[in-house]
Amino acid sequence: MIDFDFWSPTYIAFGKGKESHTGGLVRRFGGTKALLHYGGGSAVRSGLLDRVKSSLSEAGVAFAELGGVKPNPRSSLVDQGVRLALDEKVDFLLAVGGGSVIDSAKAIAIGAANGGEWRRFYVGREVKVKPVIPAALPVGVVLTIAAAGSEASTNSVVNLEPENLKRAAGGDILRPKFAVMNPEITMSLPPFQTACGLADMFAHLCERYFTPTKDVALSDNLCEAVMRTVVEEGAKVMADPSDYQARANVMWAGTLAHNDVCGAGRVQDWASHGLEHELSALYDCAHGAGLAVVMPAWMEYVHSADDARFARFARNVFGVGAGETDAQAALDGIVAFRRWLKSIGMPLTFAELGAKEEDIPLLLKTLNLCGNTLGGFMRLDENDVSAIYRLCV
Ligand code: NZQ
Ligand code: ZN
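A quick note: this is a predicted structure, and the numbers were derived from the prediction, not measured.

Can you tell me about the domain arrangement of the protein chain, naming the residues and giving the values?
Along its sequence, the protein chain is organised into domain 1 (11-184) and domain 2 (191-391). At the junction of the two partners, domain 1 supplies 32 residues and domain 2 supplies 34 residues. The three residues of domain 1 that bury the most area against domain 2 are Arg125, Lys166 and Pro183, which together make up 25% of that side's buried surface. The tally of links between domain 1 and domain 2 comes to two salt bridges. A salt bridge links Glu278 to Arg167; its shortest N-O distance comes to 3.4 Å. Here domain 1 is connected to domain 2 by twelve residue pairs in polar contact (both at pLDDT 80 or more). Looking at the side of domain 1 that touches domain 2, the elements with two or more residues in it are β1 (11-14), β6 (155-160) and β7 (165-170).

What follows is the structure, encoded as structure tokens:
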């Protein structure tokens, strides 16, 4: 295990009706006036937004509001949000939504605390060390989809316009103060979005599980347990979207997959996320769907660097490859992973995603490695990245 610092301060309020605690939580974490930020309408239609507003009013928290966050959140709305936050003098950002809303709120929180400046903290693979974010307003979350894990993560991903570059900011300062998580709220998700969430949280575990670090038994076992849970409970959710207990297990799995409890003390990979972000920037596809195409292709390309680890994945997560050589079990595991993705309705190829082989040079250009490499399991250069994209075709 390698040395690490780990700080995961997000207060989790989990269960039925917990959104009625939102106002009290904003107060508890110092908010007196919040910017209420939400997406394209699901929270309005479900009545969730009204319940959250009532809770704010009951707790005496004033608020301004800004809806309209799109999946793969755009910088223009962040700019609008920063202006509003400064004009309204809010001291808290309250995101009601999924990863896109939370990430947009995090960006506004940075801008509002740094005199409007937020964009320069969003960078890609062209830089080796991410800029340190000096300040951010506190962010709270009412989560509506189990997926990105942003409710407790250090990250924010925004699509920078007009260049259309999907770039990330990171730092402990971006960890939300609290996350309200009521699994019932996720029951209104379309099956495709539920499945995208399952693919994304599974990928967050893979990015940590596939590591060159030795002697990480605890986090290996944690990763495998959460991956099995995503597969097993995910199947129940896909079969019966109103299965509360399965929704609850999946929702908590999404947080544990990405708050880094499963990644502490190990080198992590993140190449597949790097490759995917270029796809969702160019085609505006769902992040989880992009990962479903990229991640198995990445596995095919890199598994021979450590077949024993991939064989362990096959045997302990998907229950395949017993009695086989490690090399064969590794391949069986990748087949089983693709079969699972297909079973929940995820695309597996560029064509199914709406991506085009002829765009690969453009994807490499926007990835902009600048001679740097991608990935902690195996260091990938531009040629490797291009080869992996070709395996997706
Ligand atoms: O906008 P509304 O109308 O709310 O619709 C959303 C959206 O269309 C809908 N939805 C959400 N909750 C719903 C619902 N529909 C019905 N009922 C509900 N309860 O779902 C759609 C997708 O929402 P989005 O927020 O985009 O989903 P997700 O949580 O998957 O977030 C994806 C974004 O997070 C980033 C991704 O790159 C992508 O931009 N990520 C953020 C990370 C982080 N900050 O740590 C890590 C991830 O790896 C990821 O990169
Ligand atoms: Zn992800």
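Let's pick the thread back up.
Describe the nonpolar core, naming the residues involved and giving the relevant values.
Ranked by internal contacts, the top residues of the largest apolar core, which has 100 residues, are Phe202, Leu279, Trp298, Met299, Phe313 and Trp340. Two domains each donate at least three residues to this core, and these are domain 1 (11-184) and domain 2 (191-391). The next biggest cluster of nonpolar side chains, apart from the first, holds 19 residues, and it includes Ala34, Leu36, Ala43 and Leu48.

How would you sum up the coordination of the zinc ion (ligand 2)? Please name residues and give values.
Ideal donor angles around a metal are set by the shape: a four-donor tetrahedron calls for 109.5 degrees, a six-donor octahedron for 90 or 180 degrees. Within the protein, the atoms that donate to the zinc ion (ligand 2) are Asp200 (OD), His204 (NE2), His273 (NE2) and His287 (NE2), at distances of 2.0 to 2.1 Å. Mapping the donors of the zinc ion (ligand 2) onto the primary sequence yields the spacing D-x3-H-x68-H-x13-H. A residue pair is termed long-range when its members are at least 10 positions apart, and Asp200 in helix α6 (residues 191-209) and His273 in helix α9 (residues 271-283) qualify at 73 residues. On the accessibility criterion, His273 (5% relative accessible area) is buried.

Can you break down the pairing of β6 residue by residue, with the values?
The element β6 is largely enclosed, with a buried count of five among its six residues. Taken together, the six bridges between β6 and β7 define a ladder with antiparallel strand orientation. Looking across to β7, one finds that Asn159 is bridged to Lys166. The turn linking β6 back onto β7 is made up of four residues, and Asn164 within it adopts a positive phi angle of 65 degrees.

What counts, and where the lines are drawn
- Residues numbered from 1 in each chain as written.
- Chains lettered and ligands numbered in written order.
- Predicted model: local features only at pLDDT ≥ 70, side-chain atom pairs only at ≥ 80, totals over all residues.
- Heavy atoms only, no water.
- Domains from an automatic or database assignment.
- Contact = heavy atoms within 4.5 Å.
- Buried area = accessible area lost by both parts, 1.4 Å probe.
- Salt bridge = Lys/Arg side-chain N within 4 Å of Asp/Glu carboxyl O.
- Polar contact = N/O pair within 3.5 Å; in protein donor to acceptor, adjacent residues only side chain to side chain.
- Helix = DSSP H or I, 4+ residues; strand = E, 2+ residues; numbered from the N terminus.
- Core = buried A, V, L, I, M, F, W, Y, C linked by side-chain atoms within 4.5 Å.
- Buried < 20%, exposed > 50% of the residue type's maximum accessible area, 1.4 Å probe, protein only.
- Donors = N, O, S within 2.8 Å, 3.2 Å for Na, K, Ca; no water.
- Pairing = 2+ DSSP bridges.

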